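Residues per chain are reported as follows:
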Amino acid sequence: MYLPFLDVGQPFSSFTWLRDAMHAIVLYLAAFFVTGSGQKGATASVDVGVNTGQYLVGVGIGDVTGPVVETNMMGYASLSQTDTGLHMRQRSRAFIIADPSNPTSPTSRILLISSDICMGDTGVRRAILSALSTDPVFGGLYTASNTALVGTHSHAGVGGYLEDLLPQVSSLGYANQTAQAVVDGTLEAIRKAHASLAPGSVRVGNTTLLGANRNRSPTAYVANPEDERARYQYDQDKTLSVLRLDDTNGHPRGLISFFAVHGTSLYNNNTLVSGDNKGMAAYLYESYIEPKSMPGNTTFVAAFVQSNVGDTSPNTLGAYCEHPGKPYNGEPCEYEHSTCGGRTQDCLGRGPAFRVSDYASNFLIGTAQFEAAREVMESSPSKVIFTSPDTTIETMNTTTLTDVRGVVRSVHVYMDMMNHTFTLPNGTIARTCPAALGYSFAGGTTDGPGAFDFVQGDNSSTPQNPFWEIVKGAVSPYPSQEQIDCHYPKPILLNTGYANTPYQWSPHTVDVQMLRVGNFVVLVIPGELTTMAGRRMRETLRAQLISSGILDDSAYVVIAGPANTYGHYVTTREEYSVQRYEGASTIFGPATLEAYIDRYSALVPYFADNATGTPPSDAAPPEQTSKAISLKTPLIVDRPPLFKAFGDVLVDVNSTPYSAGDTVAVRFIGANPRNNLRLEGSFFTVNQLINDAWMTVRSDSHPSTIYQWDRTNTLLGTSTVDIRWTIEDETPAGTYQITYYGDAKQLIGGIKSFTGTSSPFTVA
């Protein structure tokens, strides 16, 4: 079906939505003991025959939206991309799966968190684990081994939360308010998941999703061996995998989907905070199951987890030159380097609805993932989802859901990547390198081009502009010959592995982690694997799990990342040699993928049903949050204009009736939303008059609404808030109004809350 979109966050139509099961009494008793237990978990042996496909399952959701104004956004590293408001709130979604035969042991449960942030982070994860370890409610059940924090890779989220210095540069240092929001919201999701633990079952299936992703570095992909490429139909993974979590009656409680597509549907000119396409997919599924619940308040939880995302793009129509007046305007970008007129700035990927807006493209890519996951969950047949003049997105469901059976296991170690030496399968000694970024890193991608004169695919030893030889030495230490040789053929732009002032610029140590639920295995990756790198990783680990006798041919292996620590990109050696953006951003050198395969492979024996002990590990990375520097402007006093009050309406609604497709717009005298993030709440509501009472029907988490803040006078401390609601199809006729919830910083007396309300208006 073709969806006509308006300017922003266009609606979805209301959608319409199996199975029975058994043995509950013993499992419910187990659930009772595990949720009420304050014991510290101890390692215990597990009888393989006990778990026949029944588990303890818990799901939860929490609000992690940081400051939606005056904070740089995370992903594009664009200084100009400072947020001005909110499209949709960011959420963390937590899933606990435990073996009921050993419910009080942390070695027999996993906690997988999918968060609408750009990537997992060491400092944030440390804070979450610290809180979990000291809270008696959790009884020591959640540890570094069994807890994974995966970012959906939204490039429209709030920045400044990562612990290393390099990703803090564009956000003017560390943003504690952002980091704390991620920690607090994630802990809320975990509390809900833990409290909701109940017996259930787990099933897995997949579908082929076409038209929802594209390889943005095809020249690097074709550098891989021809015989290897011939094994695959596409230069991009098209499989969307779904783990379905049911209660004992076979009713769905949640889903965990895995699919590779970058969170770059919203471009770097967007300044509204959003979960991008995966946040959209999760919202659509949760509201589809519970249409009467407000976002973030559903009992059904849907996570659309990121996978081997490295060379993917949601801008599925390809990259074109966008510069009116230039002779190359509207032409495809130059193939090898993704340039227009020799420069990267005008080469931009086009989303499936680029003629309308990137918000429309975001909705389409999110809806495609939602529909594909729904097909698997409901085992519905293949069908075309969307057809429009520019794109077709379809799914081909080739498998039915199958039961997941077996024990629950997790394994985790720290891996020092500064100089990890190991032996390749052919007997050659290989090593990783201290972190460094190449020139093509600064060239950016077709999802977000870089500045200056850097281009992708430039691995020459001489940069285009010798000025950068001077600049790079001022920014980071000049690389030694050993470092140059280690990273060859990458020409080093930023030698971040040796940049430690005022604290580490890039990680030295990363998290290596795997989670197992029966025959289902998640490789939790501290970075962005490319398509072929992910295929090699999955296939190697799956083969080892089978050959070692731990799993049989039903073994199902997926990748989740970027998780726990952000170690940037991971390419194959062949792709690395081309030095597109992904190769230049493979910070630990050409042997990075092989080093990960070697380290993950060494952990396979610890997945055995009767495995005991813990694997050797490098030292944990040092804590850096306490050293963090912030140059963020402090909050100033808020004041209303003369003879006005906070919440007063400056531009009111129309007196004439509105119809579907119209946008209702209201402007209020406002205050800085940094004063109160309103986690688990909303900056405004759209209310409908029903039986003489105002009922909330929309909030700042709906894709049809926009919240925007503007500082009108810094000296006087005045500001305005614009709230817009684009009325969806099938919106009931009636009387509505918009209520704004603000918080003002006073000169004396701290933060004071206030409200503002529009005049009632009619939807015909």
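Residues numbered from 1 in each chain as written. Predicted model: local features only at pLDDT ≥ 70, side-chain atom pairs only at ≥ 80, totals over all residues. Heavy atoms only, no water.

The name given to the chain in an unreviewed UniProt entry is Neutral ceramidase, and the organism recorded there is Paxillus rubicundulus Ve08.2h10. In UniProt, the chain has this text filed under Catalytic activity (unreviewed entry): "an N-acylsphing-4-enine + H2O = sphing-4-enine + a fatty acid". Turning to the chain, the UniProt record has this under Sequence similarities (unreviewed entry): "Belongs to the neutral ceramidase family." (UniProt positions renumbered as here; feature names shortened; annotations may be inferred.)

Broken down by element type, the chain carries 14 helices and 40 strands. A burial count over the chain gives 62% of its 764 residues as buried. (Helix = DSSP H or I, 4+ residues; strand = E, 2+ residues; numbered from the N terminus. Buried < 20%, exposed > 50% of the residue type's maximum accessible area, 1.4 Å probe, protein only.)

On inspection of all chains with the given rule, the structure shows 30 salt bridges. Where Asp700 meets Arg89, a salt bridge forms, and the shortest distance between an N and an O atom there is 3.0 Å. Here Arg89 lies in the loop between strand S3 (82–86) and strand S4 (91–98) and Asp700 lies in the loop between strand S35 (693–699) and strand S36 (705–713), a separation of 611 residues in the sequence. The pair formed by Asp700 and Arg89 is uniform in burial state, with each residue classed as buried. In this structure, the salt-bridge partner of Asp743 is Arg678, at a minimum N-O distance of 3.0 Å. (Salt bridge = Lys/Arg side-chain N within 4 Å of Asp/Glu carboxyl O.)

Aromatic ring pairs are reported here in terms of the distance separating the ring centres and the angle at which the planes meet. In the structure shown here, the tally under the stated rule is 20 aromatic pairs. When the ring of Tyr288 is compared with that of Phe370, the centres are 5.5 Å apart and the planes differ by 70°; the resulting orientation is edge-to-face. Placement of Tyr288 in helix H6 (residues 276–289) and of Phe370 in helix H7 (residues 358–378) is noted, with a sequence separation of 82 residues between them. For Tyr288, a relative accessible area of 3% puts it in the buried group. Overall, the relative accessible area of 0% leaves Phe370 in the buried class. Geometrically, the ring pair formed by Phe520 and Tyr556 is stacked, given 5.8 Å between the ring centres and 25° between the ring planes. (Phe/Tyr/Trp six-rings, centres within 6.5 Å; stacked < 30°, edge-to-face > 60°.)

Following the UniProt record, the feature "binding site: Zn(2+)" (unreviewed entry) maps to His153, His262, Glu528 and Tyr569 here. Despite a sequence span of 417 residues, these residues sit close together in the fold, their greatest C-alpha distance being 12.8 Å. Topologically, His262 is positioned in the loop between strand S11 (252–259) and strand S12 (272–273). Only 3.3 Å separates the side chain of His262 from the side chain of His153, close enough to count as a polar contact. Here Tyr569 shows up in strand S31 (residues 569–570). Aside from chain neighbours lying at most four places away, what touches Tyr569 is Arg216, His262, Gly310, Glu528, Tyr581, Glu582, Ser585, Thr586 and Ile587. Side-chain polar atoms of Tyr569 contact the side chain of Glu528, separated by 3.0 Å. (Polar contact = N/O pair within 3.5 Å; in protein donor to acceptor, adjacent residues only side chain to side chain. Contact = heavy atoms within 4.5 Å.)

Tyr488 connects to Pro489 through a cis peptide bond whose omega is 10°. Assignment of secondary structure puts Pro489 in the loop between helix H10 (481–487) and strand S26 (492–494). Here the bond from Thr501 into Pro502 is cis, since omega is 0°, no more than 30 degrees from zero. With respect to the helices and strands, the residue Pro502 is situated in the loop between S26 and strand S27 (509–517). Despite not being glycine, Asp276 has its phi angle at roughly 55°, a positive value. The residue Asp276 is located in helix H6 in this model. In the Ramachandran plot, Asn564 falls in the positive-phi region, its phi being about 65° despite a non-glycine side chain. On the secondary structure map, Asn564 appears in the loop between strand S30 (556–560) and S31.

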